[in-house]
Amino acid sequence: MARQTLIAGNWKMNGTTDSIHELVMAINAQLESDWQSEVLVCAPAVYLPLVIDLTKDSAIEVGAQNLSEQAAGAFTGEISGSMLADIGSQYVLVGHSERRSLYGESSELVAKKFQAALDNGLIPVLCVGETLEEREADATMKVVRAQIDTVLDYGIDVLGQGVIAYEPVWAIGTGKTATPEQAQQVHAEIRAHLAQLDVDVAAKIRILYGGSMNPTNAEQLLAQDDIDGGLIGGASLKAEQFIAICKAAG
Ligand code: PEP
């Protein structure tokens, strides 16, 4: 089954009105109408309206980096899925490893956020991945499966409405990339895990790779059978690098 490649930038907590304006205009200018891939940028929440406005005539899609699991109410500082949808966001990251490790987000909370995104018509991108210690202890699949299974508790059809991003924690922002073979193996095992529950969902769901993807390694990673795109941090802040990755995706 053909899965459309998705190249997603995660800008994290970076940027100013000026720098984001410049970055989006540079990506817009180089986006080519014959590209087969979907291009997404996940901006800091306060800049979402700016990015949504700047991309309104372009194919670039816009997502948030986090959302509340709650619908509304006394949750100071939080941003709900309905607010993100209201301003025109299309996607939202959930369970990024920085949210899990720095802000203590459990897999149960991440699953609630995944459901909250769907409840509001947003497409959640579920980030999963093992630490170096877990990989060295041969626990990669155990960890990744457990992170996915909390969403599967809501149903395979629920998970099937989102996107998965496999991001080995040891490769995020470190310049160390999983080899194409290492990444492919985990992606294939994730798909096989889902296929035990629903062959169609397993065949259709997009599984992105994230972790120091750059213009040099993107082509080989994206050429793997079960790698359906990339979630890109550092390189997504530099228009020419992000565009080069989009070009590598075709
Ligand atoms: C990320 O934060 O999702 C990520 C993959 O970052 P980087 O590309 O910088 O490793």
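Please refer to the structure placed before this passage.
Residues numbered from 1 in each chain as written. Predicted model: local features only at pLDDT ≥ 70, side-chain atom pairs only at ≥ 80, totals over all residues. Heavy atoms only, no water.

Observations regarding the nonpolar core
Logical step 1: Residues L126, I148, L159, I164, I190, L194 and Y209 are the most contacted members of the largest nonpolar core, which totals 67 residues.
Logical step 2: Leaving out residues up to four positions away in the same chain, I148 has contacts with L126, V128, L159, I164, I190 and L194.
Logical step 3: The next biggest cluster of nonpolar side chains, apart from the first, holds 12 residues, and it includes L6, L40, V125 and A165. (Core = buried A, V, L, I, M, F, W, Y, C linked by side-chain atoms within 4.5 Å. Buried < 20%, exposed > 50% of the residue type's maximum accessible area, 1.4 Å probe, protein only. Contact = heavy atoms within 4.5 Å.)

Considerations on the site of the ligand
Logical step 1: Every one of the 14 residues lining the ligand counts as a neighbour, but K12, H96, E167, G173 and S212 are closest to it.
Logical step 2: One nitrogen or oxygen atom from the side chain of K12 is found 2.6 Å from an oxygen atom belonging to the ligand.
Logical step 3: A distance of 2.6 Å separates an oxygen atom of the ligand from a polar side-chain atom of E167.
Logical step 4: When the ligand is considered free in solution it has 300 Å² of accessible area, and contact with the protein chains removes 95% of it.
Logical step 5: Taken together, the residues of the shell around the ligand sort by class into four nonpolar, eight polar and two charged. (Near = heavy atom within 4 Å. Polar contact = N/O pair within 3.5 Å; in protein donor to acceptor, adjacent residues only side chain to side chain. Areas by Shrake-Rupley, 256 points an atom, 1.4 Å probe, with all protein chains shown as cover. Nonpolar A, V, L, I, M, F, W, Y, C, P; charged D, E, K, R; others polar.)

Functional significance is not addressed by these values, which are geometric in nature.
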